[in-house]
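# Observations on the three-dimensional arrangement
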Amino acid sequence: MIRKRWLIGVGVAVAVAALVLLRLLGGGQADKVWARIQREGVLRVGMDASYPPFEFVDGEGRFRGLDVDLAQALAERWGVRLEIANVGFDGLYDALRNKQFDLIVSALPYDPFLRKDFAFSYSYFNAGLRWVARPDVLATLADPSGRRVAVQTGSSADVEARTLQRRFPQMALVTVDEVAQVGQALADGDADAAILDGVSALQFVAAHPQFAVGDALLTDEPYIIALPLDAPTLKREVNAALVDFRESGRLDAWIRQWVGRESE
Amino acid sequence: MTSYAHKNPLGRILAARRVWARILAAALAILAWRGVDRPPAPLVVPGPPQTVLTRNPKLGLHTRLTDEVEPWKIKRSLQMVREMGAPWIVEYFPWAYYEPEKGRFDWAHADLVVDHAVAQGLTVIARLGFVPVWARPKETTFTYLDADGYDDFADYAAAFVEHFRGRVAYVIIWNEPNLAAEWGNRPPDPQAYTALLKTAYARVKAAAPEVTVLAPALAPTLAPPGNPWAMEDLAFLQAMYDAGAAPYFDALAAHTYGWGFPADDPPAPDKVNFRRVELVRALMEANGDGDKAVYITETGWNDHPRWTKAVKPAQRIAYSVEAARMALEDWPWCRALVFWVLRFPRPQLTYQDAFTFVTSDFVAKPVYRAMQEAYAGR
């Protein structure tokens, strides 16, 4: 009797352990999305191709940009053909939910509130706000008191700068209407430092190598690839690809090509 | 219930364990309820009555406090409306939230919002809508209400104005019924909407005759005739008049967004811009309704970097300040100009964030400060 109970206990424990292991490995759940990609030989990617340099339509009607190269590389890695669906930014998640495509690659900021509805890849770029200045000035910006800081009026950089001003009231703001004028103020010596989003910052220093981008992010805006929640194999494959692209230097090459230079 | 536990030793053991598990769970629940690990909640009271100091008595902000659960955030939001020099707010009071069962009302959260608003010296325009599950067929959305439910909605509207009598004097009946999405995913139907308006108007006036009933703001749209998803706003309003709506609203609510155009961009029937509301006004006058006022309950510009209808942040500031001036000086028929939107309880991470005047953590955006500089104070 005791032996029988012991055997039942061991059986239950093994079954629970197997379930946990399957869960941890992402198995136990058929990935129909991945199966369809393999079966039909087509990777369907959703993007809003109105956001250069990440995605846009060129003069000849072709999709171009960092995300397009990334999506193309995913398709090539899996030996399938790439199909791009051009959908307005605010319709991307609904379209993914309705299975109009397999994943979204569209400079998509991570939204933790959508985790119950969608899965997300590793981040492949961070567009958060950063300091830009000459290297000697950059090293002092932990305390920007006395510095003239250029920002685009009304932008998220403006909001961030005014928040910083609460801590450093001696920091002066130089506000201009256009992003391009922010860099110009810096280049012309009308400002000591600037706050720019990750893309604008890298583009500016690519053209003005006497300036540098700060390592620290003032705000965090990681770009991710969004996937259906019930596609664990696809997620695993996407993440494995991103790791390879990073390690092989391909991701940095795309960033250099499209954004100007990779982040230090 | 018959228990067979005594016949089975394992059952006895499990039963005993279940008892202890329940005792443990109850103890944990009591500890959690007593909040042993949490600091005490801050005491938030409306405080002494405030006055909005403004140079633009038409200025307002649409708040989104429906889903804001923390009282201090509700209070802070409304303080910031006052501090911007805006005497008006529009707030949404979803029917499903406040009448979860037919005839059972729970106004606790709505009271919190309204009491704080009144304490800040603000005038509340209440938007009523959001059909509860019990008032609509299964598998329909919260904007679906058929004719059988009009009396239920009218009962809610009447209960609302009765409960908030002396605190809320303006109600909007429904929202943008010229969009299918706002009409239960059915083709817009001005005759059906007019029937709903008539039913609600009678009940509201019977409960609180002094309340101003606003016909709903229509979504500015250029949808062609026969489009199943939307009906052009001017056509919808004319159809409402044709259906006999005029005696059943005291004033008209209006939505008028600037999209990519400056505030002073001239109106045209084939263009959606800020001054499109002048066409709405002209239509009212053409239908003999010129004595009624217009309350613009949503307006504004968006400065999202990647939304197709957005403008640059500096343009948003300039257009918003100018729009408020135009409403004040050029439009005598306009009583309120309410900008969408003060803030969201949490970032939406979409273009909607670029409509806000204040971040979710209460950092005033430059557009807020510009409006404050232009219009707050005496």
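Position numbers for residues start from 1 in each chain and track the written sequence from start to end. Starting at A for chains and at 1 for ligands, labels are handed out in the order in which the entities are written. Owing to the predicted nature of the model, reporting of local features is limited to residues with pLDDT of at least 70; listing and counting of side-chain atom pairs is limited to 80 or more, with chain, interface and lining totals taken over all residues. For side-chain calculations, the full set of non-hydrogen atoms in the structure is used, while hydrogens and water are omitted.

## Considerations on the pairing of strand 6 (residues 103-109) of chain A
Residue and element names in this part refer to chain A. How we decide: Accessibility here uses a 1.4 Å probe with only protein chains present; expressed as a share of the type maximum, an area under 20% marks a residue as buried, one over 50% as exposed, and anything in between as partly exposed. Helix and strand assignments come from DSSP, with helices taken as H or I runs of at least 4 residues and strands as E runs of at least 2, each series counted from the N terminus. When DSSP locates at least two bridges between a pair of strands, those strands are taken to pair.
Of all the seven residues making up strand 6, seven are buried; the element is thus mostly covered by neighbouring parts of the structure. Two elements, strand 1 (residues 42-47) and strand 6, share two bridges in a ladder whose sense is parallel. The residue of strand 6 that forms the bridge with Val45 is Leu103. Strand direction decides the pairing type here: strand 6 and strand 14 (residues 222-228), joined by three bridges, are antiparallel.

## Digging into the interface of chain A and chain B
Worth spelling out the cut-off: The contact definition used throughout considers only heavy atoms, calling two residues in contact when any of these lie within 4.5 Å. Whenever a carboxyl oxygen of Asp or Glu lies within 4 Å of a side-chain nitrogen of Lys or Arg, that contact is scored as a salt bridge. Nitrogen and oxygen atoms within 3.5 Å of one another constitute a polar contact, given that in protein one can donate a hydrogen and the other can accept it, and given that sequence-neighbouring residues count only through two side-chain atoms. As a working rule, the residues Ala, Val, Leu, Ile, Met, Phe, Trp, Tyr, Cys and Pro are called nonpolar, Asp, Glu, Lys and Arg charged, and the rest polar, with Gly in that last group.
Between chain A and chain B, the contact holds 22 residues from the first and 19 residues from the second. For the pair chain A and chain B, the number of links is three salt bridges. In this structure, Asp111 of chain A and Arg346 of chain B form a salt bridge, with 4.0 Å as the shortest nitrogen-oxygen distance. Our count for the chain A to chain B interface comes out at one residue pair in polar contact (both at pLDDT 80 or more). Counting residues per element, the side of chain A that touches chain B draws most heavily on helix 6 (residues 156-167) of chain A, which supplies five residues. Looking at side-chain class alone, the side of chain A that touches chain B contains seven nonpolar, six polar and nine charged residues.

## Side note on the side chain of Lys58 of chain B
By the element assignment, Lys58 of chain B lies in the loop between helix 1 (9-33) and strand 1 (59-62). Other than its neighbours up to four places away in sequence, Lys58 of chain B contacts Trp88, Ala327, Leu328, Trp331, Pro332, Cys334, Arg335, Ala336 and Leu337 of chain B.

## Here's the deal with the sheet that holds strand 3 (residues 55-57) of chain A
Residue and element names in this part refer to chain A. Pairing is antiparallel in the open sheet, where three strands are placed in the order 2-3-4. Looking along the sheet, the strands with just one partner apiece sit at the ends: strand 2 (50-51) and strand 4 (63-64). As defined by bridge partners, strand 3 adjoins strand 4 across two bridges and the pair is classed as antiparallel. The residue of strand 4 that forms the bridge with Val57 is Phe63.

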